[in-house]
Amino acid sequence: MATEHLGDRMARLRGLADLTQEGLSERSGVSVDVIRKLEQHRKHSARLPTLHSLAKGLGVELTALLGDPPGVPSSGEADPPQLVAVRRAIMPPLFAPPVEPAGVERLSLPVLRAELSEGWTLYHAAEFGRLMDVLPGIVADARLLAGVGSPEQRAAGQAALGKALQLGGHLAIRLGKTDLALSALERAFAAAGDSSDPLLAPMVSNSVAWAYQRQARLDDARNLAVHAADGVEREHADTSEGVRVWGGLLMSAATSYARSDDYETANDMMVTAEKAAGRLATLPPPADGKLVSVFSRSSVRIERVRLAVQHERPEEALTLAKGIRLSKDTPPSWRTWLLLDVARAHTDVGDAAGAVRALERLRQVAPGWVRHHTLAVAIVTDLWNGPSRPPGLRKLAEFLGVTV
């Protein structure tokens, strides 16, 4: 669970791998002192490159080390019916007899695109339970439109199917089901090849790169993002959709560099992306921004704050955060990451009151994201064990289930 201490989880995984602390140190390249402090609760968090190294040394995915993401916690029991329905929608039964399509008369592409837009809204609001309820129907509707009508209509249906399956992939990643995510994204990429949207394949590639990052496959993630970004830059650099997809891929590649402990290269790429985002003001906006990559000056700056925090540069992170002007379409998920990173940076510079203010703001704007977020738990734990406990800290600890 998210409230389990990182050190306890690491010790349990180390025991399953039959490794001593020294053995894990040798396999991961992380010092025995850091491992010992984490397991003894004298250290409550670690830089993301360190966590990637520990996960690699333990032979597990990063998600196994960090604990359950904000979604449906795993319990070792069978998947709940909602998740079974999502699996069935993404991967229909094999060798099943064909089913005659129904409901073609009432279903149209605009209706389906509205369903997709609402689905992505639920995702960015961390409404994962509601999204699991509606996603199977969205995927079924998209499959229906992808198989009927003229070639142009089927191509448009394939584009919708690709976005629906991409949404399923993102949901699966949030639920800690990376294998299901990659299966969904593989199908999304295939639909993109038959679709009318030339930017869908690179958008799906970006999602695959994210899944690879969660599996600590950083080289694979970086290479995929760079290759896809090069293609978009060559062919679609003159549209806002193209700039947004290219920028999202560049940010993804930078994140992989950062998690490989190459902060300078990552920061250079982020600065390039932030400058390129300025071009969006001179181009016509996309018809439906919710179905295109999240990319803007504010999203790049949010990611730069995150990378600075993860590389123990809290003063730099706070300076970057002061200059952010969030665009109106910045989704709650990105606002969550920003406030969490600001809270972490305040904690790291010894400003407990500033950290509490950031977390209280986050609890107001995105309670669904923060409630079980491992970083929020780590920050509150650090604050509670710190030299001062500002007003509001106890309420946050109780809200997150942190033992006080």
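Here's what I pulled together on the structure shown here.

Thresholds, definitions, all that
- Residues numbered from 1 in each chain as written.
- Predicted model: local features only at pLDDT ≥ 70, side-chain atom pairs only at ≥ 80, totals over all residues.
- Heavy atoms only, no water.
- Helix = DSSP H or I, 4+ residues; strand = E, 2+ residues; numbered from the N terminus.
- Rg over C-alpha atoms; globule rule 2.2 N^0.38 Å.
- Buried < 20%, exposed > 50% of the residue type's maximum accessible area, 1.4 Å probe, protein only.
- Contact = heavy atoms within 4.5 Å.
- Areas by Shrake-Rupley, 256 points an atom, 1.4 Å probe, with all protein chains shown as cover.
- Lys, Arg positive; Asp, Glu negative; His and termini not counted.
- Charge placed at Lys NZ, Arg CZ, Asp CG, Glu CD.
- Axes fitted to C-alpha atoms, helices over the stretch in contact; angles between N-to-C directions.
- Parallel < 35°, antiparallel > 145°, perpendicular 65-115°, else oblique.
- Left-handed = near helix turned anticlockwise from the far one by under 90°.
- Nonpolar A, V, L, I, M, F, W, Y, C, P; charged D, E, K, R; others polar.
- Phe/Tyr/Trp six-rings, centres within 6.5 Å; stacked < 30°, edge-to-face > 60°.
- Lys NZ or Arg CZ within 6 Å of the ring centre and 35° of its normal.
- Core = buried A, V, L, I, M, F, W, Y, C linked by side-chain atoms within 4.5 Å.

Here we come to the overall build of the chain. A tally of regular secondary structure across the chain gives 21 helices and zero strands. Taking 2.2 N^0.38 as the reference for a compact globule, 404 residues should give roughly 22 Å; the C-alpha atoms of the chain span a radius of gyration of 22 Å, in line with that estimate. Summarising its shape, the C-alpha atoms of the chain cover approximately 70 × 50 × 40 Å along the three principal directions. Within the chain, the fraction of its 404 residues that count as buried is 54%. For the chain, contacts bridging at least 24 residues in sequence account for 68% of all contacts bridging at least 6. Accessible surface for the chain amounts to roughly 18,400 Å². Of this, 52% is attributable to carbon and sulfur atoms. Between the mean site of the 47 positive side-chain charges and the mean site of the 47 negative ones, the chain shows a separation of 5 Å.

Time to look at the packing of helix 1 (residues 6–16) against helix 4 (residues 48–58). As a packed pair, helix 1 and helix 4 sit with axes 10 Å apart at the nearest point and diverge in direction by 25°. When the axes of helix 1 and helix 4 are compared, the pair comes out roughly parallel. Seen from above, helix 1 lies across helix 4 with left-handed handedness. Seen from helix 1, the contacting residues are L6, M10, L13 and R14; seen from helix 4, they are L51, L54 and L58. Class assignment for the residues of the contact of helix 1 with helix 4 results in six nonpolar, no polar and one charged.

So, about the packing of aromatic side chains. Counted according to the given criterion, the structure contains three aromatic pairs. Aromatic side chains W334 and W337 sit 5.1 Å apart centroid to centroid with 65° between the ring planes, which places their arrangement in the edge-to-face category. With a gap of three residues between them, W334 and W337 both fall in helix 17 (residues 332–348), about one helical turn apart. Neither residue differs from the other here; W334 and W337 are each classed as buried. We note R306 situated over the ring of W337; from NZ or CZ to the ring centre the distance is 4.6 Å.

The next point concerns the nonpolar core. In terms of nonpolar packing, the biggest core is built from 113 residues, with F295, V305, L359, V380, L383 and L400 touching the most fellow members. With ten residues, helix 8 (residues 128–146) is the single largest residue contributor to this core. For V305, the contacting residues outside a window of four places in its chain are A317, L320, A321, I324, L338 and D341. Core analysis: the second largest hydrophobic core is formed by 16 residues, L6, V30, A46 and L48 among them.

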